[in-house]
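One letter stands for each residue in the lines below.
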Amino acid sequence: AQTVTQSQPEMSVQEAETVTLSCTYDTSESDYYLFWYKQPPSRQMILVIRQEAYKQQNATENRFSVNFQKAAKSFSLKISDSQLGDAAMYFCAYRPLNTDKLIFGTGTRLQVFP
Amino acid sequence: SAVISQKPSRDICQRGTSLTIQCQVDSQVTMMFWYRQQPGQSLTLIATANQGSEATYESGFVIDKFPISRPNLTFSTLTVSNMSPEDSSIYLCSVLRALAGETQYFGPGTRLLVL
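To start, this report covers the structure provided alongside it. (Residues numbered from 1 in each chain as written. Chains lettered and ligands numbered in written order. Predicted model: local features only at pLDDT ≥ 70, side-chain atom pairs only at ≥ 80, totals over all residues. Heavy atoms only, no water.)

1. Overview of the overall build of chain B
Phase 1 of the analysis: Broken down by element type, chain B carries 0 helices and 11 strands.
Phase 2 of the analysis: When the helices and strands of chain B are read in sequence order from the N terminus, they spell out β-β-β-β-β-β-β-β-β-β-β.
Phase 3 of the analysis: In terms of overall size, chain B behaves like a compact globule, its C-alpha atoms giving a radius of gyration of 13 Å where 115 residues would be expected to give roughly 13 Å.
Phase 4 of the analysis: Projected onto its principal axes, the C-alpha positions of chain B cover 40 × 25 × 20 Å.
Phase 5 of the analysis: Relative to its full complement of 115 residues, chain B shows a buried share of 51%.
Phase 6 of the analysis: Put simply, 54% of the contacts in chain B that link residues at least 6 apart link residues at least 24 apart.
Phase 7 of the analysis: Per element, the accessible surface of chain B, about 5,300 Å² overall, is 50% carbon and sulfur. (Helix = DSSP H or I, 4+ residues; strand = E, 2+ residues; numbered from the N terminus. Rg over C-alpha atoms; globule rule 2.2 N^0.38 Å. Buried < 20%, exposed > 50% of the residue type's maximum accessible area, 1.4 Å probe, protein only. Contact = heavy atoms within 4.5 Å. Areas by Shrake-Rupley, 256 points an atom, 1.4 Å probe, with all protein chains shown as cover.)

So, in structure tokens, the structure goes:
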């Protein structure tokens, strides 16, 4: 079965510092998509970043970047220069190519301290 | 990205009643989905809303409990029937547009509390 594991229920970071959220997944597929979504207290799920498995280059979106290790099935999210507005639940999600369904991890709650 | 709205944004309901949640998208989309997020939990897919035909339900979810309609390419409803306190959750719709790549975009969610 395809699963997504986020081993850090909670993380905290000082404003302006860098934090890394971990995510591992289990799949026998070779092509798939990986996503990080952010859910602030407003509960709106917001796409942070996505990665196609066939691309070796790690995706980057402004202060957000990923470390995609396909062989290790690892997909961590790095947030640089953390801001108070980054405080939220972060969900890692996996989607195989042959389906439209997203499989979510259990989430990591990120706190940002001034 | 797509602009997605959901109504109601929140509701408090009595046990045994039903609630219909609406999801409206600002443009035509290929796929629409309904998720449930129980308190403190991750998202679980309830079903895929199919335009003009019956929804496709995931294991553990049935049409009698969660009837879904999708009359066109921009609108879907989810009904939570015969509610119990265990149905207290956030219900989110999401959409997938073929031309926008493979990213699902989510609505703001409906927070439901069943007493």
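2. Quick notes on the overall build of chain A
Phase 1 of the analysis: Tallying secondary structure elements over chain A gives 0 helices and 12 strands in all.
Phase 2 of the analysis: Considering only C-alpha atoms, chain A reaches an extent of 45 × 25 × 20 Å along its principal axes.
Phase 3 of the analysis: For chain A, the proportion of its 114 residues judged to be buried stands at 48%.
Phase 4 of the analysis: Once local pairs closer than 6 in sequence are excluded, the contacts in chain A between residues at least 24 apart make up 55%.
Phase 5 of the analysis: Total accessible area computed for chain A in this model is approximately 5,600 Å², and 46% of it derives from carbon and sulfur atoms.
Phase 6 of the analysis: Between the mean site of the 11 positive side-chain charges and the mean site of the 11 negative ones, chain A shows a separation of 5 Å. (Lys, Arg positive; Asp, Glu negative; His and termini not counted. Charge placed at Lys NZ, Arg CZ, Asp CG, Glu CD.)

3. Description of the interface of chain A and chain B
Phase 1 of the analysis: Counting from both sides, the interface comprises 18 residues of chain A and, opposite them, 26 residues of chain B.
Phase 2 of the analysis: Across the interface of chain A and chain B, roughly 1,700 Å² is buried in total on both sides, 49% from carbon and sulfur atoms.
Phase 3 of the analysis: The three residues of chain A that bury the most area against chain B are Arg43(A), Asp100(A) and Lys101(A), which together make up 36% of that side's buried surface.
Phase 4 of the analysis: Counting the contacts that link chain A with chain B gives 1 salt bridge.
Phase 5 of the analysis: Between Lys101(A) and Glu58(B) there is a salt bridge; the shortest N-O distance is 3.0 Å. (Buried area = accessible area lost by both parts, 1.4 Å probe. Salt bridge = Lys/Arg side-chain N within 4 Å of Asp/Glu carboxyl O.)

4. Re the environment of Arg43(A)
Phase 1 of the analysis: Assignment of secondary structure puts Arg43(A) in the loop between strand S5 (32-39) and strand S6 (46-52).
Phase 2 of the analysis: Spatially, the C-alpha atom of Arg43(A) lies 26 Å from that of Tyr32(A), the residues being 11 residues apart in sequence.
Phase 3 of the analysis: Among residues more than four places away in sequence, those in contact with Arg43(A) are Ser9(B), Arg10(B), Ile90(B), Leu92(B), Pro108(B), Gly109(B), Thr110(B) and Arg111(B).

5. Side note on the side chain of Ser94(B)
Residue and element names in this part refer to chain B.
Phase 1 of the analysis: By the secondary structure assignment, Ser 94 is in strand S9 (residues 89-96).
Phase 2 of the analysis: Among the residues examined, Ser 94 registers a relative accessible area of 0% and is labelled buried.
Phase 3 of the analysis: Here Ser 94 is in contact with Met 31, Met 32, Phe 33, Tyr 35, Gln 104, Tyr 105 and Phe 106, once residues within four sequence places are set aside.

6. A short note on the sheet that holds strand S8 (residues 75-80) of chain B
All names here are of chain B.
Phase 1 of the analysis: Reading across the sheet, the 4 strands line up as S1-S3-S8-S7 and stay open at both edges, with antiparallel pairing between neighbours. Each edge of the open sheet is held by one strand with a lone partner, namely strand S1 (4-7) and strand S7 (68-72). For this sheet, the mean inter-axis angle between neighbouring strands, taken without regard to orientation, is 15°.
Phase 2 of the analysis: Bridge count between strand S3 (residues 19-25) and S8: 6 bridges; the pairing is antiparallel. Looking at the pairing, Gln 24 lines up with Phe 75 of S8. (Pairing = 2+ DSSP bridges. Axes fitted to C-alpha atoms, helices over the stretch in contact; angles between N-to-C directions.)

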